[in-house]
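This is what each chain is made of:
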Amino acid sequence: GAVVSQHPSWVICKSGTSVKIECRSLDFQATTMFWYRQFPKQSLMLMATSNEGSKATYEQGVEKDKFLINHASLTLSTLTVTSAHPEDSSFYICSARVLWAPEAFFGQGTRLTVV
Amino acid sequence: GEDVEQSLFLSVREGDSSVINCTYTDSSSTYLYWYKQEPGAGLQLLTYIFSNMDMKQDQRLTVLLNKKDKHLSLRIADTQTGDSAIYFCAEAEYGNKLVFGAGTILRVKS
């Protein structure tokens, strides 16, 4: 299957700082990227959907000013957790998809720990 | 709204077949998916099936879809210890976001 690379794999940051997570589609052009959050032993919670060149669509309850999503090109989307707090500690996973294609490919995830 | 449910845990012996079940509520689902997640990793797409199909087979994996009952299953033949992971069922309407179940933990005993 297609490769989606997510970086970093893990990050530890101090409370109040911002963290940027990158998601790249390596061998295809992703018209749509999704950002998920996964709590321990739980399913994936969709945070937002972004289409290249347009603003992200956030799910209900997700603060768009806290979780900034940029999808500037067909191969790169970024999620910035601004002013991170310990409750933001989680596993964040991106997914990339070509418009109207059935497959959705996932990155390897980023473990964020805010101390 | 959309809802996807799965059994939480399955334990099988190495060499046996595993069957993971999933039910969904969205009658507009176009595609149904099975993903595998190993500890600390992202999701690996195992297979998907179009909603007008009843069955799809891919090596050791067999997907059965009962659209009338909105029931999806994943059968893993000759289950190996490396198959131990969490398996997620998901559904999506054409071009839309995927909705995931809670995941089924598969434990394979040697």
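Look up a bit, the structure's there.
Sequence order as written defines the numbering, with residues in each chain counted from 1. Think of it this way: whatever chain is written first is A, whatever ligand is written first is 1, and the rest follow in order. Local features in a predicted model are, by the rule used here, given only for residues with pLDDT of at least 70; side-chain atom pairs are given and counted only at 80 or more, and totals for whole chains, interfaces and linings are based on all residues. Side-chain descriptors were evaluated using all non-hydrogen atoms of the structure, hydrogens and water having been removed beforehand.

## Brief notes about the packing of aromatic side chains
Two measures describe an aromatic ring pair: the distance that separates the ring centres and the angle between the ring planes. The condition is simple: Any two rings among Phe, Tyr and Trp, with Trp reduced to its six-membered ring, count as a pair given centres within 6.5 Å; such a pair is stacked if its planes are under 30 degrees apart, edge-to-face if over 60, and tilted if neither. When a residue's accessible area, from a 1.4 Å probe over protein chains only, is under 20% of the maximum for its type it is buried; when over 50% it is exposed; and in between it is partly exposed. Runs of H or I in DSSP of at least four residues are treated as helices and runs of E of at least two as strands, each being numbered from the N terminus. Remark: a charge is flagged as sitting over a ring if the NZ atom of Lys or the CZ atom of Arg is within 6 Å of the ring centre and within 35 degrees of the ring normal.
Under the defined criterion, the tally for this structure stands at 14 aromatic pairs over all chains. On the basis of an interplanar angle of 40° and a centroid distance of 6.5 Å, the ring pair of Phe 34 of chain A and Tyr 36 of chain A is categorised as tilted. Residues Phe 34 of chain A and Tyr 36 of chain A agree in their burial class; the two are buried. Their ring planes at 45° and their centres at 5.1 Å tell us that Tyr 31 of chain B and Phe 50 of chain B sit as a pair that is tilted. Placement of Tyr 31 of chain B in strand 4 (residues 31-37) and of Phe 50 of chain B in strand 5 (residues 43-50) is noted, with a sequence separation of 19 residues between them. In textbook terms, an aromatic cluster arises when at least three aromatic residues are bridged by ring pairs, as seen for Phe 34, Tyr 36 and Phe 106 of chain A together with Tyr 31, Tyr 33, Tyr 35, Tyr 48, Phe 50, Phe 88 and Phe 100 of chain B. Positioned above the aromatic ring of Tyr 48 of chain B is the side chain of Lys 56 of chain B, whose terminal nitrogen or guanidinium carbon lies 4.3 Å from the ring centre.

## Structural notes on the pattern of salt bridges
Which entries qualify depends on this criterion: Each reported salt bridge corresponds to a side-chain nitrogen of Lys or Arg within 4 Å of a carboxyl oxygen of Asp or Glu.
Tallied over the entire structure, the rule returns 6 salt bridges over all chains. Between Lys 97 of chain B and Glu 59 of chain A there is a salt bridge, and its shortest N-O distance comes to 3.1 Å. Of this pair, Lys 97 of chain B sits in the loop between strand 9 (85-92) and strand 10 (99-100) while Glu 59 of chain A sits in the loop between strand 6 (57-58) and strand 7 (67-73), placing the two residues on different chains. Measuring nitrogen to oxygen at the nearest pair gives 2.9 Å for the salt bridge that ties Lys 66 of chain A to Asp 88 of chain A. With Lys 66 of chain A in the loop between strand 6 and strand 7 and Asp 88 of chain A in the loop between strand 8 (76-81) and strand 9 (90-97), the pair connects residues that are 22 residues apart, well separated along the chain. Each member of the pair, Lys 66 of chain A as well as Asp 88 of chain A, is classed as buried.

## A few points about the state of the cysteines
Residues and elements named next belong to chain A. Rules: Note on terminology: pairs of cysteine sulfur atoms within 2.5 Å are recorded as disulfides.
Under the defined criterion, the tally for this structure stands at 2 disulfides over all chains. Across the disulfide, Cys 23 is cross-linked to Cys 94 (sulfur-sulfur distance 2.0 Å). Across the disulfide from Cys 23 to Cys 94, rotation about the S-S bond amounts to roughly 80°, and the bridge is consequently right-handed. Residue Cys 23 is located in strand 3 (residues 19-25), and its partner Cys 94 is located in strand 9; the two are separated by 71 residues in the primary sequence. Note on Cys 23: relative accessible area 0%, which makes it buried. Residue Cys 94 is classed as buried on the basis of its relative accessible area, which comes to 0%.

## A closer look at the sheet that holds strand 6 (residues 55-58) of chain B
Residues and elements named next belong to chain B. Under the convention used in this document: By definition, two strands form a pair when at least two bridges between them are found by DSSP. Simply put, an axis is a line fit to the C-alpha atoms, just over the touching stretch for a helix, and the angle between two N-to-C directions goes from 0 to 180 degrees.
In space, the 5 strands of this open sheet follow the order 1-3-8-7-6, with antiparallel pairing throughout. In this open sheet, the two strands that pair with only one neighbour each are strand 1 (4-6) and strand 6. Across the sheet, the mean angle from the axis of one strand to that of its neighbour is 15°, orientation sign disregarded. Pairing geometry for strand 1 and strand 3 (residues 18-24), over 3 bridges, is antiparallel.

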